[in-house]
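Structural features, examined
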Amino acid sequence: WQGYSKTKRERNHDKLNEDKRRKYAEKKLNGSCHSCSNRALEGRTRCAICTVAGLCQQATGKGTRKDAKYLIEKLDKKGSKCPYTGDLIEIGKNAELDHIYPKSRFPKFAGDIENLEWTSSRANKAKLDMTKEEFIEFCRLVADYARSEN
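Residues numbered from 1 in each chain as written. Predicted model: local features only at pLDDT ≥ 70, side-chain atom pairs only at ≥ 80, totals over all residues. Heavy atoms only, no water.

1. A word on helix α2 (residues 48-60)
- Relative to the 18 Å expected for 13 residues at 1.5 Å per residue, α2 spans 18 Å between its end C-alpha atoms, a close match to the ideal helical length.
- Among the residues trailing α2, G61 stands out with phi positive, at a value near 90°. (Helix = DSSP H or I, 4+ residues; strand = E, 2+ residues; numbered from the N terminus. Expected span 1.5 Å × (residues − 1).)

2. Some points on the layout of surface pockets
- The volume enclosed by the largest pocket comes to roughly 280 Å³.
- Mapped by element, the contributors of at least two residues to the lining of the largest pocket are α2 and β1 (95-99).
- Counting residues per element, the lining of the largest pocket draws most heavily on β1, which supplies five residues.
- Along the lines of polarity and charge, the residues of the lining of the largest pocket split into six nonpolar, four polar and four charged. (1 Å grid on protein atoms, 1.4 Å probe; cavity = no way out; pocket = protein on both sides within 12 Å on 5 of 7 lines; lining within 4 Å. Points joined across faces, edges and corners; volume = space filled by probe spheres on them. Nonpolar A, V, L, I, M, F, W, Y, C, P; charged D, E, K, R; others polar.)

3. Considerations on the nonpolar core
- If you look at the biggest cluster of nonpolar residues, it comprises 24 residues, and the most contacted ones within it are V52, L71, I89, I91, L97, L116 and W118.
- Residue contributions to this core peak at six residues, all from α2. (Core = buried A, V, L, I, M, F, W, Y, C linked by side-chain atoms within 4.5 Å. Buried < 20%, exposed > 50% of the residue type's maximum accessible area, 1.4 Å probe, protein only.)

4. Things to note about the packing of α2 against helix α3 (residues 65-77)
- Two elements in contact, α2 and α3, have axes separated by 8 Å at closest approach and are oriented at 100°. Overall, the two elements α2 and α3 adopt an arrangement that is roughly perpendicular. Within the contact between the two elements, α2 uses A48, I49, C50, V52, A53 and C56 and α3 uses R65, D67, A68, K69, L71 and I72. (Axes fitted to C-alpha atoms, helices over the stretch in contact; angles between N-to-C directions. Parallel < 35°, antiparallel > 145°, perpendicular 65-115°, else oblique. Contact = heavy atoms within 4.5 Å.)

5. Comments concerning the pattern of salt bridges
- If you walk through the whole model with that rule in mind, you get 11 salt bridges.
- The partner of R22 in a salt bridge is E26, and the shortest N-O contact between them spans 3.2 Å. Of this pair, R22 and E26 are both found in helix α1 (residues 8-30), four residues apart, which corresponds to roughly one turn of the helix.
- The class of R22 is partly exposed, set by a relative accessible area of 42%.
- Of the charged contacts in the structure, one is a salt bridge between R147 and D144, with a shortest N-O distance of 2.9 Å. In this pair, R147 and D144 both sit in helix α5 (residues 132-149), three residues apart, roughly one turn of the helix.
- Overall, the relative accessible area of 44% leaves D144 in the partly exposed class.
- Ionic contacts of the salt-bridge type, sharing partners, join the residues D19, R22 and E26 into one network. (Salt bridge = Lys/Arg side-chain N within 4 Å of Asp/Glu carboxyl O.)

By themselves, these are just geometric observations and shouldn't be taken as functional.
See below:
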């Protein structure tokens, strides 16, 4: 590549990337969300709204700030507690959005925000592709068996 010099377009692209990296570093240093400049969650680079919008995007294929605000309100109404374990749910730490009717078995509900509920990470991992009712029944079976063995 001796003698190669970048085109004006390549130089402009490099400048834009450099500016983007600088702005990102400034926001991180200031504790601001790298997406919207609101206060980032502790130890994170995004605020609660942008974090939840990302989770909603992963869960439903769409995730707007409006959806995020609705889901945060939904969490607040439940007292920020996991419906299965009672664990305190904290966005950016142990909060996950679970499909009440699993998208693998109920694809028509996959993109429905009303089919989402907040759970703790460990409850969501245990629930897998069970419905809420199936999971609760499964937990009863596990608990009953464990009691009978002791």
